[in-house]
Amino acid sequence: MAHIGVIGLGNIGGAIAANLVADGHGVAVFDTDAARGAALAAAGAQAAASAADVARRSEITFTSLPSPSVFDAVATQWLIGAATDAILVDLSTNAPGMVRAVGTRLSAAGRHLLEAPLTGGAPGAQARMLVFMVGGDAAVLERVRPLLARLGRATVHVGALGLGNVAKLVNSLMAFSATWLSLEGLALAAKSGIDVRTMIDVIRAGGAGNIFTDRLVEGINERGRPTQFSLALAAKDAGLLLEVAREQAVPMPAAAAVAQAFVAAVGAGLGEHDFTDIVELIERQAAVRLRIAPPKGA
């Protein structure tokens, strides 16, 4: 059993900390919301006073944070308390340039950074079904891999620091685009008079399906779910992708359009809503109601 730290105890970080505690590790936790740390302390974790305090208690520390600037500040505090050869594993969706800069800073001080952005969200974190896209030194990964193997279902080492987040952002682009473009198409079909279930049957039979039309559309009637991945975070991630595209001189006009849809969602007051409420934006813009009937025979 290892001494592990977790900083950032939101939907994903909190679930990961709970699973580490369940696995019998000594787990030090910290969040700016003290109530989150207290809840985990009641389950067997050690509530720390700061990011530096977590570092002093831990060989390996996981961070799950909302933005690159917050990650930068937390890494600076973590370094104050971290022992030589300690490892910081950032699970956040982050800016590749920020990851590389912090990695250089930690390496110069004799510590290590590994990035492991993930897919699966809060349900995947709770069920240990996460997929980690890892960037960083292979030898450092091997020290962390046993923990990742218990926390998720797959770990893919994509290369050097920064590339883990490139992989995550590209994966997110595919998911975001499938969702938004599917909603645009369904809005056109519905406003023209085609039943949404009928249109979905056509798409599935016609071979144009994707993750949204194959599965997620079945929950389109449910609104106002507890927020697990906010539209504000989706807008942030889409913006990070466009920054990387600009740095690499890769034209991404479709990605820019999808990013603007999430900016519009935030502007429409949906920023703190769950990602699934993006359907409300297309309904407002197209003046159409999107509801799906149960499958035939259900």
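Source: prediction; values computed, not measured.

Caption draft 1: Spatial organisation of the overall build of the protein. The helix and strand inventory of the protein stands at 13 helices and 9 strands. Here the protein has a C-alpha radius of gyration of 21 Å; the compact-globule value for 298 residues is 19 Å, and the two agree. For the C-alpha atoms alone, the extent of the protein along its principal axes is close to 65 × 45 × 35 Å. Burial analysis of the protein (298 residues in total) assigns 50% to the buried set. Put simply, 64% of the contacts in the protein that link residues at least 6 apart link residues at least 24 apart. Working note: accessible area of the protein is about 13100 Å², and carbon and sulfur atoms make up 59% of it.

Caption draft 2: A look at the nonpolar core. Counting residues in each nonpolar core, the largest one holds 33 residues, and the members touching the most others are Leu183, Leu186, Ile220, Phe262, Ile278 and Leu290. Looking at this core, the elements with two or more residues in it are helix H8 (163-192), helix H9 (196-206), helix H11 (231-248), helix H12 (253-270) and helix H13 (278-286). Looking at which element gives the most residues to this core, the answer is H8, with 7 residues. Setting aside chain neighbours within four positions, we find Leu186 in contact with Val196, Met199, Ile200, Ile203, Phe212, Val217 and Leu290. Counting residues in hydrophobic clusters, the runner-up holds 32 residues, among them Val6, Leu9, Ala116 and Ala125.

Caption draft 3: Highlighting the pairing of strand E2 (residues 26-30). For E2, a buried count of 4 out of 5 residues is recorded, marking the element as mostly surrounded by other parts of the structure. Sheet analysis places strand E1 (residues 3-7) next to E2, joined by 5 bridges and oriented parallel. The residue bridging Gly5 from the neighbouring strand is Ala28, located in E2. Read as a crossover between parallel neighbours, the route from E1 over helix H1 (residues 11-22) to E2 is right-handed. Taken together, E2, helix H2 (residues 34-42) and strand E3 (residues 46-47) form a β-α-β motif whose crossover is right-handed.

Caption draft 4: How the structure looks around the packing of H8 against H12. Across the interface, H8 lies against H12 with an axial gap of 10 Å and an inter-helix angle of 70°. The orientation of H8 with respect to H12, classified from their angle, is roughly perpendicular. Along its contact with H8, which presents Leu173, Phe176, Ser177 and Trp180, the element H12 presents Ala255, Val258, Ala261 and Phe262. Residues belonging to the contact of H8 with H12 are distributed by class as follows: 7 nonpolar, 1 polar and no charged.

Calculation criteria
- Residues numbered from 1 in each chain as written.
- Predicted model: local features only at pLDDT ≥ 70, side-chain atom pairs only at ≥ 80, totals over all residues.
- Heavy atoms only, no water.
- Helix = DSSP H or I, 4+ residues; strand = E, 2+ residues; numbered from the N terminus.
- Rg over C-alpha atoms; globule rule 2.2 N^0.38 Å.
- Buried < 20%, exposed > 50% of the residue type's maximum accessible area, 1.4 Å probe, protein only.
- Contact = heavy atoms within 4.5 Å.
- Areas by Shrake-Rupley, 256 points an atom, 1.4 Å probe, with all protein chains shown as cover.
- Core = buried A, V, L, I, M, F, W, Y, C linked by side-chain atoms within 4.5 Å.
- Pairing = 2+ DSSP bridges.
- Right-handed = clockwise from strand over helix to strand, strands pointing away.
- Axes fitted to C-alpha atoms, helices over the stretch in contact; angles between N-to-C directions.
- Parallel < 35°, antiparallel > 145°, perpendicular 65-115°, else oblique.
- Nonpolar A, V, L, I, M, F, W, Y, C, P; charged D, E, K, R; others polar.

Shape descriptors only; they carry no functional weight alone.
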